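# Architecture at a glance
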Amino acid sequence: MSEQNVQTPVVEQDLNEILQIRRDKLAKLQAEGNNPFEITKFDKTHSSKQIIDNFVDPVEGEEAEPQIVAIAGRMISRRIMGKASFCHILDGEGTIQLYVKRDEIGVDEYQAFKTWDIGDIVGGVGEVFRTHMGEISVKLKSITLLSKSLLPLPEKYHGLRDLETRYRQRYVDLIANPDVKRTFVIRSGIMKAIREFLDNRGFIEVETPILNTIPGGANARPFVTHHNTLDIDMYMRIAPELYLKRLIVGGFERVYEIGRLFRNEGMDQKHNPEFTTIELYQAYTDFEGMMEITQSLFCYVADKVLGTRLLPYGDVTIDLNNWSKMTMIEAVQKYTGVDFTNLTDEEAVAQAEKLGVHLDKGKQTWGHALYECFDEFVEKELIQPTFIYDYPVDVSPLAKRKPTDGRLTERFEFFMNAAEMGNAFSELNDPIDQQERFMAQARAKANGDDEAQMTDDDFVNALKYGMPPTGGLGIGIDRMVMLFTNNQSIRDVLLFPTMKPIAE
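Packed helix pairs are characterised by how far apart their axes lie and by the angle those axes make with each other. Where helix α9 (residues 287-306) meets helix α15 (residues 477-485), the axes come as close as 12 Å, and the angle between the chain directions of the two elements is 50°. Our classification of the angle between α9 and α15 gives oblique. Our pair here, α9 against α15, has a crossing hand that is right-handed. Here α9 contributes F298, V301, A302 and L306 to the contact with α15, which in turn contributes M480, L483 and F484. Taken together, the residues that form the contact of α9 with α15 break down as 7 nonpolar, no polar and no charged.

Quick look at the packing of helix α13 (residues 431-446) against helix α14 (residues 457-464) now. Following both chains from N to C, one finds α13 and α14 inclined at 165°, their axes separated by 9 Å at the closest point. Here α14 runs roughly antiparallel to α13, going by the angle between their axes. Where α13 crosses over α14, the two elements pack in a sense that is right-handed. For the pair α13 and α14, contact is made by P431, Q434, Q435 and F438 and by D457, F459, V460, L463 and K464, respectively. Of the residues contributing to the contact of α13 with α14, the split by class is 5 nonpolar, 2 polar and 2 charged.

Glancing now at the nonpolar core. Within the largest apolar cluster, 43 residues are counted, with the highest numbers of intra-cluster contacts made by I194, F298, L320, F414 and F484. For this core, the leading source of residues is α9, giving 9 residues. Not counting chain neighbours up to four residues away, the residues in contact with L320 comprise F298, C299, A302, R309, L311, P385, M416 and F484. By size, the runner-up hydrophobic cluster in this structure holds 27 residues, among which are Y110, I118, V128 and L140.

A turn of α-helix holds 3.6 residues, and therefore any two residues three or four places apart point the same way. Taking 1.5 Å per residue, 20 residues should reach 28 Å; α9 reaches 28 Å between its end C-alpha atoms and fits that length. Buried residues of α9: F287, G289, M290, M291, I293, T294, L297, F298, C299, V301 and A302, and no others. Sitting at the amino-terminal end of α9 is D286, which places a side-chain oxygen 3.1 Å from the backbone nitrogen of E288. The positive-phi residue at the C-terminal boundary of α9 is G307, with phi of around 75°.

Next up on the list: the side chain of N212. Within the secondary structure, N212 sits in strand β7 (residues 211-212). At a separation of 3.3 Å, a polar atom in the side chain of N212 contacts the main-chain carbonyl oxygen of P209. Here N212 is in contact with M234, Y235, R237, A239 and Y243, once residues within four sequence places are set aside.

Scored by pLDDT, the protein chain comes out at a mean of 93, with 96% of its residues at no less than 70. Between residues 1-10, whose pLDDT stays under 50, and residues either more than four places distant or in other chains, the model counts 31 contacts.

This part covers the environment of T131. Within the secondary structure layout, T131 lies in the loop between β4 (121-130) and β5 (136-147). As for T131 and I194, which are separated by 63 residues in sequence, their C-alpha atoms are 43 Å apart. The contact partners of T131, leaving out residues within four places of it in the chain, are F86, Q97 and S137.

The sheet contact formed by strand β12 (residues 310-313) and strand β13 (residues 316-319) spans 4 bridges and is antiparallel. Opposite P312, over in β13, you have T317 as the bridge partner. Between the antiparallel neighbours β12 and β13 lie 2 residues, among them G314 with a positive phi of about 60°.

Glancing now at the packing of aromatic side chains. Evaluated as defined, the whole model comprises 16 aromatic pairs. Aromatic pair F113 and W116: ring centres 5.7 Å apart, planes at 80°, arrangement edge-to-face. Each member of the pair F113 and W116 is classed as buried. The structure contains a cluster of three or more aromatic residues connected by ring pairs, namely F298, W323, F387, F412, F414 and F484. Above the ring of F113, the side-chain terminus of R78 is found at 5.6 Å from the ring centroid. The lysine or arginine in question, K139, covers the ring of F129, its NZ or CZ lying 5.3 Å from the ring centre.

Cut-off values and rules
- Residues numbered from 1 in each chain as written.
- Predicted model: local features only at pLDDT ≥ 70, side-chain atom pairs only at ≥ 80, totals over all residues.
- Heavy atoms only, no water.
- Axes fitted to C-alpha atoms, helices over the stretch in contact; angles between N-to-C directions.
- Helix = DSSP H or I, 4+ residues; strand = E, 2+ residues; numbered from the N terminus.
- Parallel < 35°, antiparallel > 145°, perpendicular 65-115°, else oblique.
- Left-handed = near helix turned anticlockwise from the far one by under 90°.
- Contact = heavy atoms within 4.5 Å.
- Nonpolar A, V, L, I, M, F, W, Y, C, P; charged D, E, K, R; others polar.
- Core = buried A, V, L, I, M, F, W, Y, C linked by side-chain atoms within 4.5 Å.
- Buried < 20%, exposed > 50% of the residue type's maximum accessible area, 1.4 Å probe, protein only.
- Expected span 1.5 Å × (residues − 1).
- Polar contact = N/O pair within 3.5 Å; in protein donor to acceptor, adjacent residues only side chain to side chain.
- pLDDT = per-residue confidence, 0-100.
- Pairing = 2+ DSSP bridges.
- Phe/Tyr/Trp six-rings, centres within 6.5 Å; stacked < 30°, edge-to-face > 60°.
- Lys NZ or Arg CZ within 6 Å of the ring centre and 35° of its normal.

Structure (structure tokens):
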């Protein structure tokens, strides 16, 4: 079977034959003392992009000094023409054409090259030139097989399109679909820009435990593991919040942590059981200070990484130059017509039920009714950047109460394209109030709310030493990357998303 070009599709009945052919080729190379897996390094001098970007055509009538380069990558296509051949290789920055001529590299080497396969990793040394067709290429003086591919690549023009396979075999996805690599290059740039922004504002990056004895800092169902030496159950962290605020108590005034969180919950286009967030805390400011940081951070990252604040996302364009603000009561009234301001618990629950929102036992309060109506009717309407603030105490166990209305807290979430992007508070620093709210969470858990928070007595003890007024902010990095790369699923911005194992 001819396999000269990745454009030739691999049909299922031929796969065993292809695998055997490639294994036989490897065995022959090894028998001849040319085992590619024994090569330990190749002194690469240039990437494909560097070669193409830096090439200068010689002035007509003048002879240019030859530019000799060493380049390496995966062979993704090949065209053999008797005594000379062309192939393209893919490296970390793009593709480039190699010109392989028998008289330049030697008869034996050329014959060997002709037996190599699409997908093999090769390295070559040669001179950069422009072909008659105008393509910048490298005319090789030598070529080496650096690694043998024992599996065929997907067919080029149709690529790897099956989503399940793409997510399970990201390594193949990155080869077959170059735009995928761009997403993760942008992701890396976003992380760098976030750190740069915060470092410039005097924040320091810290690390807190991932294994916790108490899963605190958020309302979520944790993953449980067991520590053999201590013989205790432990939890993968659901948030770093309580540890970071302990550092504020200890005297750090501006801290942040970027890291993985783990929540044993549902999976959909916006949720993966493990995901990346940034949480930051600043002493002597409040939730309004966090609003300013949020808006400035998103604009800074957009300028730095994309060079624009207009972000195409699906059928809309998100404009980071324009942010709006509404209280939760205002937002619910705007989209449902119901004003919750002066309602009693019973009236609020009745209004929610009238709108078709059912409240479970233990959640039949004014605050839960307001929040559930917001969740049902408002979030889907928030396309452009919007701050929603003044959240009920019932759903904000770690936020400071609003001085003018004890039912509410100084908390906001911000939304883009009908998705929550982050969450911020004026942090609760009253240890007595915090203890009472933990007790309320414990009652909710006893009534069947498996996402209610556990009581963290040591955190309350830390607050008793005194925590300054503090603003805190958490942002979902994965959703931010989705927005900046115009990807509609969180799996498209995670290199290795959580997948159900394939049944044996």
